[in-house]
Amino acid sequence: MQEEIIRSEKMKIVGDMAASVAHEIRNPLTTIKGFIQLFATADLDKEKKMLYQKICFEELERAEVIIADYLSLAKPDPEVIEAIDIHYEMHHLSNVLMTYANYNNIQIQVATEEEQAFHIQGDRYKLRQALINLGKNAIEAMPGGGLLELRTVIRDQHAWVTLSDNGSGMSSEQVKRLGTPYYSTKEKGTGLGIMVSFGIIKKMNGKISIKSEPGEGTEFHLIFPKAN
Ligand code: ADP
Ligand code: MG
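The structure contained in this document is the topic of the report that follows. In this text, all values refer to a predicted model and were calculated from it rather than measured experimentally.

Moving on: the overall build of the protein chain. Looking only at helices and strands, one finds 6 helices and 7 strands in the protein chain. In the protein chain, the order of α-helices and β-strands from amino to carboxyl end is α-α-β-α-β-β-α-β-β-α-α-β-β. The principal-axis extent of the C-alpha atoms belonging to the protein chain is close to 65 × 40 × 35 Å. Relative to all contacts within the protein chain whose residues are 6 or more apart in sequence, the contacts with residues 24 or more apart total 77%.

In structure tokens, the structure reads:
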């Protein structure tokens, strides 16, 4: 697959998510601004000061995490093959999608078996890009809000990952067209996201299957072999 397409799709994801990130950063900033004003004007006892300081600190940390996760999306990375803990990645996926989900009135639920790490093999940042696009598509398929579920099960030396939404769903004709370049039903879609995602997953020796029902929702099932 062409690196050029992978890169431009990545920048599209970054661009699409920018508004939601800005929105999520604005909330903590507003909170902190309010407390600074309060500090300057009000006569606060020590206990209150401590509490307000703690809230400010937590809000700043939250903003920091949002920015860090978001920037890691845009990072250009030379391809490396490494062992990737799938449980960690699914939580990371949920964190990265959180602002976009909040913005679109969508809940994210993560279910993983976390007793121990399970490593699959590939390029961490490419895998992130692939998963983020699938998650982003799921969110965009639920314009009236909904639930995005991220499930991971370890079975037979493989990680079985499911992304499930209760959005618009697709007909079987539409499902067949997934992965063909420039197929998009969105006004500002590129129709390249799925193609890029599938390319990345297949390169990791992953398998993909899709279950979708118009008006009901969609499930993307991914199966990754354990790292050697
Ligand atoms: P884009 O998101 O730019 O349209 P993609 O390649 O990511 O391009 O997706 C192609 C098309 O596949 C989308 O326009 C949409 O019609 C369909 N699609 C992908 N994921 C879902 C989903 N979870 N639910 C419904 N339709 C989907
Ligand atoms: Mg897309």
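Structure's up, so let's keep going.
Moving on: unusual backbone geometry. The bulk of non-glycine residues show a negative phi, and the bulk of peptide bonds are trans. The residue Gln 157 is not glycine, and still its phi comes out positive at about 65 degrees. Among the structural elements, Gln 157 can be located in the loop between β4 (146–155) and β5 (158–165). Of note in this structure, Asn 205 is not a glycine but carries a positive phi near 65 degrees. Counting through the fold element by element, Asn 205 comes out in the loop between α6 (193–203) and β6 (207–213). Here Asn 205 falls in the exposed class, since 12 other C-beta atoms lie within 10 Å of it.

Turning to the packing of helix α1 (residues 3–41) against helix α2 (residues 46–74), a few remarks are in order. The description of two helices packed together rests on the angle between their axes and the distance between the axes. The N-to-C vectors of α1 and α2 enclose an angle of 165 degrees; their axes lie 10 Å apart at closest approach. Classified by the angle their axes make, α1 and α2 are roughly antiparallel. Like other packed secondary-structure pairs, α1 and α2 cross with a definite hand, here left-handed. Here Lys 10, Ile 13, Val 14, Met 17, Val 21, Glu 24, Ile 25, Pro 28, Thr 31, Ile 32, Phe 35 and Leu 38 of α1 come into contact with α2, specifically with Tyr 52, Ile 55, Cys 56, Glu 59, Leu 60, Arg 62, Ala 63, Ile 66, Ile 67, Tyr 70, Leu 73 and Ala 74.

In a regular helix each residue adds 1.5 Å, so 17 residues correspond to 24 Å; helix α4 (residues 124–140) covers 24 Å between its end C-alpha atoms and thus fits that length. Summarising burial for α4: 14 of the 17 residues are buried, a large majority.

Okay, the environment of Thr 31 next. Here Thr 31 lies in helix α1. On the basis of neighbour counts, which here come to 18 C-beta atoms within 10 Å, the residue Thr 31 falls in the partly exposed class.

The end-to-end C-alpha distance of helix α3 (residues 86–103), which contains 18 residues, comes to 26 Å, matching closely the 26 Å that a straight helix rising 1.5 Å per residue would cover. Leu 97 marks where α3 bends most, by close to 45 degrees. Within α3 the residues assigned to the buried category are Ile 86, Glu 89, Met 90, Leu 93, Val 96, Leu 97, Thr 99, Tyr 100 and Ala 101. Just beyond α3, the residue with positive phi is Asn 105, at close to 65 degrees.

This brings us to the site of ligand 1. Close contacts around ligand 1 come from 20 residues, with Asn 137, Ala 141, Ser 184, Gly 189 and Gly 193 the closest. Within the residue set of the shell around ligand 1, elements represented by two or more residues are α4 and α6. For the shell around ligand 1, the element with the most residues is α4, which contributes 3 residues. Here the residues of the shell around ligand 1 are counted per class, giving 7 nonpolar, 11 polar and 2 charged.

Here the focus is the nonpolar core. Ranked by internal contacts, the top residues of the largest apolar core, which has 40 residues, are Ile 86, Leu 93, Leu 97 and Ile 139. Mapped by element, the contributors of at least two residues to this core are α1, α2, α3, α4, β4, β5, α6 and β7 (217–225). Leave out the neighbours within four places in its chain, and Ile 86 touches Phe 118, Ile 120, Thr 152, Ala 159, Val 161 and Phe 224.

Moving on: the environment of Thr 180. Its place among the elements puts Thr 180 in the loop between α5 (172–177) and α6. Remark: the alpha-carbon pair of Thr 180 and Gln 157, spanning 23 residues in sequence, is separated by 31 Å.

What follows deals with the sheet that holds strand β2 (residues 106–112). In space, the 5 strands of this open sheet follow the order β2-β4-β5-β7-β6, with mixed pairing throughout. With one partner strand each, in any of the chains shown, β2 and β6 form the two edges of the open sheet. Across the sheet, the axes of successive neighbouring strands diverge by a mean angle of 10 degrees, strand direction being ignored. Relative to β7, β6 is paired through 7 bridges, and the arrangement is antiparallel. When the sheet's bridge partners are listed, Ile 208 is paired in β7 with Leu 222. Sitting on the sheet, α4 touches β2, β4, β5 and β7, and the angle it makes with β5 is about 25 degrees.

Conventions we followed
- Residues numbered from 1 in each chain as written.
- Chains lettered and ligands numbered in written order.
- Predicted model: local features only at pLDDT ≥ 70, side-chain atom pairs only at ≥ 80, totals over all residues.
- Helix = DSSP H or I, 4+ residues; strand = E, 2+ residues; numbered from the N terminus.
- Contact = placed C-beta atoms within 7 Å.
- Buried ≥ 20, exposed ≤ 12 C-beta atoms within 10 Å, placed from the backbone.
- Axes fitted to C-alpha atoms, helices over the stretch in contact; angles between N-to-C directions.
- Parallel < 35°, antiparallel > 145°, perpendicular 65-115°, else oblique.
- Left-handed = near helix turned anticlockwise from the far one by under 90°.
- Expected span 1.5 Å × (residues − 1).
- Bend = angle between axes of the 7 residues up to and from the residue.
- Near = placed C-beta within 6 Å.
- Nonpolar A, V, L, I, M, F, W, Y, C, P; charged D, E, K, R; others polar.
- Core = buried A, V, L, I, M, F, W, Y, C linked by C-beta atoms within 7 Å.
- Pairing = 2+ DSSP bridges.

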